[in-house]
Amino acid sequence: MQTIIRNIFNLTRKKPGGSDAAAERFLAKSENFRLLLAANNEALERMAEITEDVRSGRTFGMAHVRAQSLKVAASVRQMIERLCRMQPGKYDGLKDVFNRIVMDMEAAVTHRPESSSGPLVLGLEDVRATSMPETGSKMALLGEVGAELDVRIPQGFSVTASAFRLFMDDTGLEDEINRLIQITDSNELEELRTLERNIRHAIDMAAIPQELEEAIDAQCKTLLAENECLRLAVRSSALGEDGEEASFAGQFLSLLGVRPCDVAEAYRKVVASMYSATAMLYRFNRGIREDGVVMCVGCMEMVDAEAGGVVYTRDPVAGDDGPLIVNGAPGLPGAVVDGSARSDVWRLDRQTLEIKRADIARSKWFHALGPDGGTVRRDLGEPCASGPCLNDETVMLLAGLALRMEDHFGGPQDVEWALGRDGHVYILQCRPLAVFGRKDGPPEQERDEDADTVILDHGVAASPGVAAGRIFLVESDEDMLAFPDGAVLLTRNARPQLSALLPRAAALVAEFGSTASHLANVAREFSIPALIGAPGAVDRLSGVSVVTVNANRGRVYLGVCRAQVDAAGGRREPSGANDVVKALERVVPFVVPLNLTDPESPDFKPEGCRSLHDITRFCHEKGVAEMFSAGDHPTANARKLKGELPMLYWLVDIGGGTMTREEGGPIGLDDILSNPMLALWHGMTAVEWEGPPPVSAGGFMSIVSEAAQNPALAPGAANDMGRRNYFIVGRHYCNLQSRFGFHFCTVEGFAGDDPGENYALFQYRGGGADMGRRRTRIRLVAGLLEEHGFIVEVRDDSLYARIEGVSREAVEQGLALTGYLLVHTRQIDMVMADAGAEARYRQTFASGIETVLAGLPGQGNAEGGGQ
């Protein structure tokens, strides 16, 4: 504020005395009013953005919700501050109302999970489905099938939600992580990777509470007592993970072959994986709150696996009519779920468990436990490399176990299993399976009109659908950063990390991997057509431009097959409630509704404000009233202006507006330096006023009636500064309050070299005719102003218009326009009952404005008057 005041009020030329003090008070009020208007504009824009966010269906995170809430609150707080400075002590009650509303907003947006005082660890033998709030779905459902279905599961324990909250609260990590997320507020992969590193560093620096370390150590000692060679799998089991709507497949870390002495540090790493760039992007695209994820961790004895894999009790692509599918690979099941290798696949009849088809992959290697922890990759020798990893009897046993789980839980299941070298089948995980199905018929029933353009055939459909796009090969992290929106993602291995790109991809083609992989799961969630397990895909498609991927047929075509794409329809949006949008919806009632509409109502007071919009309305109304009321106008030492208009104008120089500041005698235009005043005066004088319009008997009687009812309209009645019309000027500043006939006008502007400080304000009210005719005139004036970039507000016969943040030339043009209008629109309200009068005057004024602007001195290439 002080910058503009110094620009307007040349302190080096100020003389001591009351007039200069009044000038400084007036300028301070003017600047506070200008800043109030700027904050009002910002607040209303933020409210519009919040409303659009709720309606648009676009994705955003909680950082955006908090940022929008903070920005709109800050703008409204600025309005309150400026109004209170305009009239100290009068509106202080607004601050308490504002604080109450902001506290309600904070309560609405803040996610505070119910505090839990449960155990820090739970032995898996004590875990059931009802334990889900403490153990997460993965461990709860595993404990359930072990206890209720008498299915063999590994021994182990769960580090609970209570343990996670203890870790966050004791170390202050929750506040620090939220701070880091808020200052990043981005869904760009590169920025999220930086955020990931910063959060991981914060977690690495935090000490795990001693009581949690002791609880983990006690569980490990119990397991060691039964197996001195114990190695553990430390796996995520977050609240909300492995749900039917949001699987989080492959988003969090699992560590295999962990020694008991390293479990606490492995726990720390799994917690940190909540904030991997991939996991954060997944939550962002699914509308899941960052502060709503609680990481529980499962610690289970590793199975020395001869083979492992996944069972789907239904085909997620074919739908309910499809077969049961068993996927398997030699060694640990990780190669199946992480997409690093092709797997053996058996399709079974769900009723008879008869094997209908077996596709055996030639495996050259497998994953096994390492001697010192972790896992190692080992070669498979013949004949194992060419044979299946399971015999038919074990395949049917797995199918039967999986169907028992489907019956128990009442829906299709995704079951991870391992065949131990002891000959026993172990269930490692079960979760709901989302089944989507093709939109069209089975491939064998389709007639392919584009068969001659097929460049890749016999791909395995991992997610149904058809899409076209430009091929983009991703082989490195740098490729991921460069991946363009709408491209077809081509890759060798179906790595879980690639899920970060899927919401932006048209389709996915992976040379190696499994339909049971994590990446396949996420592709189905986002309805991305995907072929996973397409031998030779990289060699065949690299260098190709645009292709069509038809996952329903397992084919890739050269170019865009428009008929196929159109027949497939649009992408299905991920199902499930968007928690982030819900949070914003809870904020909206405290921000957007406007309840305070009538300034004449007894409820139009601070205590009547129930939303931030109400406060903006109150501040705007009162700000205008304070700005244009009597008082604080520096009218002493005024000098009469010599000019051509048949009215009395007086000028007050508050610093730099004229060549000299001598008091007394008249001052001519040649002595004026104020560029905004000269622009305004040009608009007032460039086109000669033709005089009042001819008035009909009805128009005359309307004036007589209105004047009789309103003494303020009587000829000779004083305006807010007496009978004189005053220009208050500085070098780049001008304020004019004037009465023209029966209407009152106020014009104010600052036109300097910094667009950020520039503005023009125009208030226009009153008239001699009845309210209907005055409203017609106001509508005409408003339209002309809006055509030249002003933001206009109208109520009854009052108009308020503004431009701001524009060039000096644009402000000068705006002031010239208002000068023309305030002279030439006087008394035309008397003839506005004529249906054609508005149109005729619009044409006349448009021509006059063109003449005024064309003759405005000193105009370069002015910016438009818009915002």
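A quick note: this is a predicted structure, and the numbers were derived from the prediction, not measured.

A. Examining the overall build of the chain more closely. Helix and strand counts for the chain stand at 24 helices and 30 strands. Out of the 867 residues in the chain, the part that is buried amounts to 54%. Residue pairs in contact within the chain that sit at least 24 positions apart in sequence constitute 67% of those at least 6 positions apart. For the chain, the exposed area adds up to about 36,000 Å²; of that, 49% sits on carbon and sulfur atoms.

B. Representation of helix H5 (residues 132-148) in the model. Taking 1.5 Å of rise per residue, the 17 residues of H5 would be expected to cover 24 Å, yet its terminal C-alpha atoms sit only 15 Å apart, more than 12% below that figure. Burial within H5 is extensive, with 13 of its 17 residues counted as buried. Positive phi shows up at Asp150, right after H5, with a value of about 55°.

C. Geometry of the packing of helix H6 (residues 161-171) against helix H10 (residues 263-272). Here H6 crosses H10 at 85°, and the two axes come no closer than 12 Å. As summarised for this structure, H6 and H10 are arranged roughly perpendicular, according to the angle between their axes. For the pair H6 and H10, the contacting residues are Ala163, Phe164, Phe167 and Met168 in the first and Tyr267, Arg268 and Val271 in the second. Of the residues assigned to the contact of H6 with H10, the class counts are six nonpolar, no polar and one charged.

D. Geometry of the confidence of the model for the chain. Across the chain, the average pLDDT comes to 84, with 86% of residues at 70 or higher. Confidence drops under a pLDDT of 50 for residues 1-18, and excluding neighbours within four residues, the segment shows 42 contacts in the predicted structure. Residue range residues 440-445 is modelled with pLDDT below 50. Its contacts to residues more than four positions away, or to other chains, number six contacts.

E. Looking closely at the pairing of strand E25 (residues 725-729). Most of E25 is tucked away: five of the five residues are buried. In E25, alternate side chains face the same way, and those of Asn725, Phe727 and Val729 on one face and Tyr726 and Ile728 on the other are all buried. Of the pairings in the sheet, the one linking strand E23 (residues 649-653) to E25 comprises five bridges and is parallel in character. Within E25, the position partnered with Leu651 by the bridge is Phe727.

F. Structural context of helix H9 (residues 210-224). The end-to-end C-alpha separation of H9 is 21 Å, in line with the 21 Å expected for 15 residues at 1.5 Å each. All of the buried residues along H9 are Leu212, Ala215, Ile216, Cys220 and Leu223. Seen end-on, H9 carries its buried residues on one side only, within an arc spanning 130°. Among the exposed residues of H9, those oriented more than 90 degrees off its buried face are Gln210 and Lys221. Those residues of H9 that are buried are in contact with strand E1 (121-123), strand E2 (156-159), H6, strand E3 (232-236) and H10.

G. Seen up close, the packing of aromatic side chains. In this structure the tally under the stated criterion is twelve aromatic pairs. Here Phe33 and Tyr800 contribute two aromatic rings whose centre-to-centre distance is 6.1 Å and whose plane-to-plane angle is 70°, an arrangement assigned as edge-to-face. Of this pair, Phe33 sits in helix H2 (residues 18-56) while Tyr800 is found in strand E30 (residues 798-804), placing the two residues 767 residues apart along the sequence. We classify Phe33 as buried; its relative accessible area is 0%. Judged by centre distance (6.2 Å) and plane angle (45°), the rings of Phe167 and Tyr267 are tilted. You can see Phe167 sitting in helix H6 and its partner Tyr267 sitting in helix H10, a full 100 residues away along the chain. Here Phe167 falls in the buried class, since its relative accessible area comes to 0%. By relative accessible area, which is 0% here, Tyr267 ends up buried.

H. A look at the sheet that holds strand E18 (residues 507-512). Within the open sheet, the eight strands sit side by side as E14-E21-E20-E16-E17-E18-E19-E15. Their pairing is mixed. A single partner strand is all that each edge strand has here, and the edge strands are strand E14 (454-456) and strand E15 (461-463). Between one strand axis and the next, the sheet turns by 35° as a mean value, whatever way the strands run. Summarising the sheet, E18 and strand E19 (residues 530-532) pair through three bridges and their orientation is parallel. Residue Ala510 lies in a different strand from E19, and its bridge partner there is Ile532.

I. Representation of the nonpolar core. Core analysis: the biggest nonpolar cluster contains 79 residues, and Phe157, Val159, Phe167, Ile203, Tyr267, Met295 and Leu489 have the highest contact counts within it. The element contributing the most residues to this core is H10, with seven residues. Non-local contacts of Tyr267, meaning those with residues more than four positions away in its chain, are made with Val159, Ala163, Phe164, Phe167, Ile208, Leu212, Val234, Met295 and Val297. Leu27, Leu36, Leu83 and Val97 belong to the second largest nonpolar core, which has 54 residues in total.

J. The arrangement of the pattern of salt bridges in detail. All chains considered together, the criterion is met by 35 salt bridges. We note a salt bridge from Arg179 to Glu176, for which the minimum N-O separation is 2.8 Å. Of the two residues, Arg179 and Glu176 both sit in helix H7 (residues 173-184), three residues apart, roughly one turn of that helix. The class of Arg179 is partly exposed, set by a relative accessible area of 41%. For the salt bridge of Lys221 with Asp217, the shortest nitrogen-to-oxygen distance reads 3.2 Å. Here Lys221 pairs with Asp217, and both are found in helix H9, just four residues apart, close to one helical turn. Where salt bridges share partners, they join Arg779, Glu787, Glu838 and Arg842 into one cluster.

K. Inspection of unusual backbone geometry at higher detail. At Asp150, a residue that is not glycine, the phi angle is positive and equals roughly 55°. As for its placement among the helices and strands, Asp150 is situated in the loop between H5 and E2. Even without a glycine there, the phi angle at Leu353 is positive, about 60°. Note that Leu353 resides in the loop between strand E8 (344-348) and strand E9 (355-359).

L. Geometry of the state of the cysteines. Within this structure, the stated rule accounts for zero disulfides. Looking at Cys261, it has no disulfide partner, and the nearest cysteine sulfur is the one in Cys220, 9.0 Å off. Residue classification places Cys261 among the exposed residues on the basis of a relative accessible area of 63%. Of all cysteine sulfurs, the one in Cys609 lies closest to Cys619, which takes part in no disulfide; the gap is 7.5 Å.

M. Representation of the sheet that holds strand E5 (residues 297-301). If you trace the five strands from one edge of the open sheet to the other, you get E1-E2-E5-E3-E4, paired in antiparallel fashion. One side of each edge strand has no neighbouring strand; the edge strands of this open sheet are E1 and strand E4 (254-258). Strand-to-strand, the axes of this sheet are offset by a mean angle of 15°, without reference to chain direction. Taken together, the three bridges between E3 and E4 define a ladder with antiparallel strand orientation. The residue of E4 that forms the bridge with Arg235 is Ser254.

N. Up close: the packing of helix H3 (residues 62-86) against helix H4 (residues 93-109). Contact geometry of H3 with H4 gives a least axis separation of 11 Å together with a crossing angle of 175°. Classified by the angle their axes make, H3 and H4 are roughly antiparallel. Each of Met62, Val65, Ser69, Ala73, Val76, Arg77, Ile80, Glu81, Leu83 and Cys84 in H3 lies in contact with H4, whose residues at this interface are Leu94, Lys95, Phe98, Val102, Met105 and Val109.

Each value, and the rule that gives it
- Residues numbered from 1 in each chain as written.
- Predicted model: local features only at pLDDT ≥ 70, side-chain atom pairs only at ≥ 80, totals over all residues.
- Heavy atoms only, no water.
- Helix = DSSP H or I, 4+ residues; strand = E, 2+ residues; numbered from the N terminus.
- Buried < 20%, exposed > 50% of the residue type's maximum accessible area, 1.4 Å probe, protein only.
- Contact = heavy atoms within 4.5 Å.
- Areas by Shrake-Rupley, 256 points an atom, 1.4 Å probe, with all protein chains shown as cover.
- Expected span 1.5 Å × (residues − 1).
- Axes fitted to C-alpha atoms, helices over the stretch in contact; angles between N-to-C directions.
- Parallel < 35°, antiparallel > 145°, perpendicular 65-115°, else oblique.
- Nonpolar A, V, L, I, M, F, W, Y, C, P; charged D, E, K, R; others polar.
- pLDDT = per-residue confidence, 0-100.
- Pairing = 2+ DSSP bridges.
- Arc of directions from axis to C-beta.
- Phe/Tyr/Trp six-rings, centres within 6.5 Å; stacked < 30°, edge-to-face > 60°.
- Core = buried A, V, L, I, M, F, W, Y, C linked by side-chain atoms within 4.5 Å.
- Salt bridge = Lys/Arg side-chain N within 4 Å of Asp/Glu carboxyl O.
- Disulfide = S-S within 2.5 Å.

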